[in-house]
Amino acid sequence: MELIAGEVSQITKKQRFRSLKLVSVDLDEVLVEQPYGVDYGRLHNGLSYYVRRNCKPRMRAALALAVKVGSVLEEEDERGVAHIVEHLAFSATKKYTNHDIVKFLESVGAEFGACQNAVTSADDTVYELFVPVDKPGLLSQAISILAEFSTEVRVSKDDLEKERGAVMEEYRGNRNATGRMQDAHWVLMTEGSKYAERLPIGLEKVIRTVSSETVKSFYQKWYHLHNMAVIAIGDFPDTESVVDLIKTHFGQKNSATDPPVLPIFPVPSHQEPHFSSFIESEAAGSAVMISYKMAVNELKTVKEYKEMLTESMFLHALNQRFFKISRRKDPPYFSCSATADDLVRPLKACIISAACKERGTLEALESVLIEVARVRLHGFSEREVAVVRALLMSEIESAYLERDQMQSTSLRDELLQHFLCNEPVIGIEHEARLQKTILPQISALEVSKYSEKLRTSCSCVIKTIEPRTFAKVDDLKSIMSKINNLEDEKRISPWDDEQIPEEIVGTKPSPGNIVQRFEYQNIGATELILSNGMRVCYKCTDFLDDQVLFTGFSYGGLSELPEREYVSCSIGSTIAGEIGVFGHKPSVLMDMLAGKRVEVGTKLGAYMRTFSGDCSPSDLETALQLVYQLFTTNVTPGEEEVKIVMQMAEEAIHAQERDPYTAFANRVKEINYGNSYFFRPIKIRDLQKVDPIKACDYFNSCFKDPSTFTVVIVGNIDPTIAIPLILQYLGGIPKPPEPVLHFNRDKLKGLPFTFPTSIIRQVVRSPMVEAQCSVQLCFPVELKNGTMVEEINYVGFLSKFLETKMMQVLRFKHGQIYSAGVSVFLGGNKHSRTGDVRGDISINFSCDPEISPKLVDLALDEILHLQEEGPSDQDVSTILELEQRAHENGLQENYHWLDRILCSYQSRIYSGNVGTSFEIQDEARLKVRTSLTSSTLQSALQRMLPYSCNRQYTVVILMPQTSRFKLLGSFFQSTQTINFRDPKILAGIAGLTIVALCLWRNSRRTLKG
């Protein structure tokens, strides 16, 4: 595939994008300040407003109140107060008390949750609402809530005391390894400025002791309407009526004082680089971070817009190199990427991060510095720049094609940046024309010159993160000096690029043919049975013009394997992925797909093997070619690929051994599912037994026989174009002479586990740098075959109901948690049409270690009360509304339809007619909704959970390790139901490192955070 000179246009010019006219570029032209397509103005009291009509999703509005007030404005005794104000806003205002705002949001089907409705940063605070507007008065009430936030937050002593626990728990949750590393990096990057001492979460002392008077004083001083903007994007009949609502609710408000001058807090630059060797004993691995700080430049002219595109091209080109290096023999790091982002109002940074093996930080640092220096000396090649140009052109084309289908939340975020950061909003049509004009004009030399900004003399910060001390500051300085000398002496060789094949499929297959065709009018889908036995169902939609989604599945997965083969085969997809499952090495395929929007991946689960894809309609042929390659490529393990995977797996296991949450998660699995090898964490000795040949052979067989696969395709499909491609690349997959992994879904092996029959309460004590506590309360679930379709819907309602009640009791009533999650695991559900379904429902939250047993008892008491007395009518109404709103939003999304059709095929009621299966499931949902009352939900609580709930459950609590004497004392004070054993810390493969290990093992989380 050639990407140089005139051939670049063949990649970047696609259907409907070709007609977009170029613009004459004047680099000094000023970009318009007035945001495009928005009713924009300012009220007499200083409040700015932005209103725009947008019908995606239908009958919904995305609202926001942006306030230019953040933690940097706090005084020493106020550190954390800006964030406390954000919490109090949802707790009580002049008009709404006792979390009435949360109750209103849930009553109309709007979600409320951690980090979901508001965020406080160093420079600003943003409150967000996403509400339905299909009933009279909902929009008005939502805007009135934002108006209350602006001037009427109630800050009484009682309000503050009720919310301290939730704020404190959020603070505690941030004091894990990730939080400590982020905080340390923040301080390092903003050193010498007030920002360094004003982390938004604040200080524990202030959170625990600050007075309501101090909080109120901060709120009244800084929350001024001149520093605020209200944003409303949604499916409105017109913008004028929304502006009138804003004037109604905000127009009569006046801030108590004259608007304060918002001070600017500069971050000093430095010529000499700063160094840091950060030791974090709980770190998930070793890493290197090289940051180049620079001032934020406002985007005002076309020239500055071109510079932004040049920066983006540079980062993409550099990341392409980093990826290719990570796939070489003995790579210096597992992964590496460069990004640029604004850190605080006056400061941005280009940050290069590399994850490496333990004791590998110096090698990783040297490799990264050499690569940046190589670009300065030799530049990027024309091919490299052509690849990233095609990539950026593809991205803007996709945005242009879907310009009328953007989500209201995305448009809201764009306008937030206009108000808070003065970023121009010029409209996607003009932006597409600009990029289509400017991108071909940016030369490889211009892109390469950006590397001059990445010199170690340009406010550079070099940092290593390690679990144990290896690299010292002097070592970092030595590496930097070495690379600077090599560059000065021009002793760094040019980049050696790989040869790229022209075609993904060397010889195009002979097309198959359609054996049978079925139309399912009730779901608007067509089903094709192909000559090789593959079943393909497609549904044409117009939700997004540039999206096609597909998933193929076949029964029979990891549960069929004997224990001796399990570890090898479960790691097969990872080894195969390093080699290249689509017939080409990953580093080569990356270049082959330049300018195309297409992704295809594979997963090996307990009961199924699947492949999934996401592509542009114009790249559907490429996506199906990759599927064809998946089925026709025989992956053979190479020594280097296996070595890389084993290294990554070993590092992941060692990292998990340092992580307190691993001990917790492993103990939960051990108690709830026994010592089954399916749930047992993988250890180093297991890796030593991995047979790479067996692993690859198993992977090859998983995607070999097309006759066992059903494929569902949903999106902007033109059947006249898509069907010939389906016949050629899916129908052209050769069917093996003998069936391969052909399983009867009714005879699949279930996962071997049995939930405990009694009460188990255990504490896992683990060494921690700072005290953390996580709780998992778990109940067994068994769904009977006869009423399975309805019961599945009841489980969904029940889990959301329990999550809502846990928040009401543990957070809003007792003020002791920040968030709670409820997860459902039906892992015993082999896809048979006759057996019962086994699994569990678990409640997860974090809290103060000292009160964790008390909160467990409060949760149990609440569930028992609900079982005995039943929920209120308001509880039922809230759950119905939440479910209905989520359902309505889903009906407008391709992912929703893909999932529903897949579920119809995989349902136990499926017997060859997917339309009938879909209809029965739809009717079951409506039946449950219609019948859901206080008494039926109470009955479900009694039927699905043990009744009473306090007779069969498990509780595992993660606690910090204590001294032996303190542990002995707590043992004698404990009840007999609590077992204070200190279990051995077990290890597990990290999901990010071995992401394809198997789908079901990562399908539920024991922790929420």
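Quick caveat, the model's predicted, so the values are computed rather than measured.

Enquirer: A description of the overall build of the protein chain should follow, citing residues and the corresponding values.
Expert: Along the backbone of the protein chain there are 32 helices and 24 strands. Radius of gyration (C-alpha) of the protein chain: 29 Å, near the 30 Å computed for a compact globule of 1009 residues. Viewed in the frame of its principal axes, the protein chain has a C-alpha envelope of about 80 × 70 × 65 Å. Within the protein chain, the fraction of its 1009 residues that count as buried is 59%. Accessible surface, the protein chain: about 41200 Å² in total, of which carbon and sulfur atoms supply 50%. Seen as two clouds, the 114 positive and the 130 negative side-chain charges of the protein chain have centres 3 Å apart.

Enquirer: Got a sec to walk through the pattern of salt bridges? Specific residues and values, please.
Expert: Scanning all chains against the criterion turns up 57 salt bridges. Between Arg 79 and Glu 76 there is a salt bridge, with the nearest N and O atoms lying 3.2 Å from each other. What makes Arg 79 buried here is its relative accessible area of 15%. By relative accessible area, which is 44% here, Glu 76 ends up partly exposed. Arg 175 is paired through a salt bridge with Asp 183; the nearest N and O atoms lie 2.7 Å apart. By relative accessible area, Arg 175 is classed as buried at 17%.

Enquirer: Account for the nonpolar core, with residues named and values stated.
Expert: Residues Met 534, Ile 575, Phe 611, Phe 631, Phe 703, Ile 713 and Leu 730 are the most contacted members of the largest nonpolar core, which totals 94 residues. No other element matches the eight residues that helix α20 (residues 620-632) contributes to this core. If we skip the residues at most four places from it in the chain, Ile 575 touches Val 642, Val 645, Met 646, Pro 692, Ala 695 and Cys 696. Formed by 68 residues, the second largest nonpolar core is a distinct cluster that contains Ala 61, Val 81, Val 108 and Ala 142.

Enquirer: Explain the packing of aromatic side chains to me, and be specific about the residues and the numbers.
Expert: Counted according to the given criterion, the structure contains 26 aromatic pairs. Relative to Tyr 127, the ring of Phe 90 lies with its centre 6.2 Å away and its plane at 45 degrees, an arrangement referred to as tilted. One end of the pair, Phe 90, is in helix α2 (residues 81-91); the other, Tyr 127, is in strand β5 (residues 125-132), and 37 residues separate them in sequence. Owing to a relative accessible area of 5%, Phe 90 belongs among the buried residues under this scheme. Each ring, one from Phe 699 and one from Phe 703, has its centre 5.4 Å from the other, and the planes form 55 degrees; the classification is tilted. With a relative accessible area of 2%, Phe 699 lands in the buried category. By relative accessible area, which is 1% here, Phe 703 ends up buried.

Enquirer: Just give me the short version of the sheet that holds strand β15 (residues 548-555), but keep the residues and values in it.
Expert: Taken together, the seven strands give an open sheet; going across it, the order is β12-β13-β14-β18-β15-β17-β16, and neighbouring strands pair in mixed fashion. Two strands lie at the open edges of the sheet, namely β12 (514-520) and β16 (598-604), each paired on one side alone. Taken pair by pair, the neighbouring strands of this sheet meet at an average axis angle of 15 degrees, ignoring direction. Note: β15 against strand β17 (residues 608-615), eight bridges, orientation antiparallel. The residue bridging Phe 553 from the neighbouring strand is Thr 610, located in β17.

Enquirer: A description of the environment of Ser 269 should follow, citing residues and the corresponding values.
Expert: Here Ser 269 is to be found in the loop between α9 (240-250) and β7 (274-279). On the accessibility criterion, Ser 269 (64% relative accessible area) is exposed.

Enquirer: Tell me about the pairing of β12, residues and numbers included.
Expert: Strand direction decides the pairing type here: β12 and strand β13 (residues 525-530), joined by six bridges, are antiparallel. Note on β13: the bridge partner recorded for Phe 518 is Glu 527. With antiparallel pairing between neighbouring strands as the criterion, β12 and β13 make up a hairpin whose turn holds four residues, including Gly 524 at a positive phi of roughly 65 degrees.

Enquirer: An account of the sheet that holds strand β6 (residues 228-234) is requested, with residue identities and associated values reported.
Expert: Reading across the sheet, the six strands line up as β1-β2-β6-β3-β5-β4 and stay open at both edges, with mixed pairing between neighbours. Each having just a single partner strand, β1 (39-42) and β4 (118-120) make up the two edges of the open sheet. The mean angle between the axes of side-by-side strands here comes to 10 degrees, regardless of whether they run parallel or antiparallel. Bridge analysis of β4 against β5 gives three bridges, and the strand direction is antiparallel. The residue of β5 that forms the bridge with Ala 118 is Tyr 127. Relative to strand β2 (residues 48-53), α9 is tilted by about 150 degrees, and along the sheet it contacts β1, β2, β3 (60-67) and β6.

Enquirer: So, the packing of helix α10 (residues 302-326) against helix α14 (residues 428-438): which residues are in play, and what are the values?
Expert: Two numbers describe how α10 lies on α14: the axes approach to 11 Å, and their chain directions differ by 70 degrees. Of the possible angle classes, the one that applies to α10 and α14 is roughly perpendicular. By crossing handedness, the relation of α10 to α14 is classed as right-handed. Side by side, α10 and α14 meet where Val 302, Tyr 305, Lys 306 and Leu 309 of the first sit next to Glu 431, Leu 434, Gln 435 and Ile 438 of the second.

Enquirer: Hey, could you go over a negative patch on the surface for me, with residue numbers and the actual values?
Expert: On the surface, Asp 341, Asp 342, Glu 414 and Glu 423 cluster together into a patch of negative charge. Checked against the element boundaries, Glu 423 lands in the loop between α13 (408-421) and α14.

Enquirer: Can you tell me about the confidence of the model for the protein chain, naming the residues and giving the values?
Expert: Reading predicted coordinates in detail is not appropriate for stretches of low pLDDT. Model confidence for the protein chain is summarised by a mean pLDDT of 89, while 92% of its residues fall at 70 or above. Across residues 1-15, where pLDDT falls below 50, the model places 34 contacts with residues more than four positions away in sequence or in other chains. Counting contacts from residues 963-1009, a segment whose pLDDT is below 50, to residues more than four positions away or on other chains yields 109 contacts.

Enquirer: A description of the pairing of β1 should follow, citing residues and the corresponding values.
Expert: By the bridge criterion, four bridges tie β1 to β2 in an arrangement that is antiparallel. When the sheet's bridge partners are listed, Gly 41 is paired in β2 with Tyr 49. The hairpin turn running from β1 into β2, its antiparallel successor, is five residues long, and Gly 46 in that turn takes a positive phi close to 100 degrees.

Enquirer: How would you sum up helix α17 (residues 563-570)? Please name residues and give values.
Expert: Here α17 lies mainly inside the structure; six of its eight residues are buried. Of the residues making up α17, those classed as buried are Glu 565, Tyr 566, Val 567, Ser 568, Cys 569 and Ser 570.

Enquirer: Outline the state of the cysteines, listing residues and values.
Expert: According to the stated counting rule, one finds zero disulfides in the structure shown. A disulfide-free cysteine, Cys 336 has its sulfur positioned 9.9 Å from the sulfur of Cys 356, the nearest such atom. Residue classification places Cys 336 among the buried residues on the basis of a relative accessible area of 12%. In this model Cys 778 remains outside any disulfide bridge; the closest cysteine sulfur is found in Cys 949, 13 Å from its own.

Rules behind the numbers
Residues numbered from 1 in each chain as written. Predicted model: local features only at pLDDT ≥ 70, side-chain atom pairs only at ≥ 80, totals over all residues. Heavy atoms only, no water. Helix = DSSP H or I, 4+ residues; strand = E, 2+ residues; numbered from the N terminus. Rg over C-alpha atoms; globule rule 2.2 N^0.38 Å. Buried < 20%, exposed > 50% of the residue type's maximum accessible area, 1.4 Å probe, protein only. Areas by Shrake-Rupley, 256 points an atom, 1.4 Å probe, with all protein chains shown as cover. Lys, Arg positive; Asp, Glu negative; His and termini not counted. Charge placed at Lys NZ, Arg CZ, Asp CG, Glu CD. Salt bridge = Lys/Arg side-chain N within 4 Å of Asp/Glu carboxyl O. Core = buried A, V, L, I, M, F, W, Y, C linked by side-chain atoms within 4.5 Å. Contact = heavy atoms within 4.5 Å. Phe/Tyr/Trp six-rings, centres within 6.5 Å; stacked < 30°, edge-to-face > 60°. Pairing = 2+ DSSP bridges. Axes fitted to C-alpha atoms, helices over the stretch in contact; angles between N-to-C directions. Parallel < 35°, antiparallel > 145°, perpendicular 65-115°, else oblique. Left-handed = near helix turned anticlockwise from the far one by under 90°. Patch = residues over 30% accessible without salt bridge, like charges linked within 9 Å, V, L, I, M, F, W, Y side chains within 5 Å. pLDDT = per-residue confidence, 0-100. Disulfide = S-S within 2.5 Å.

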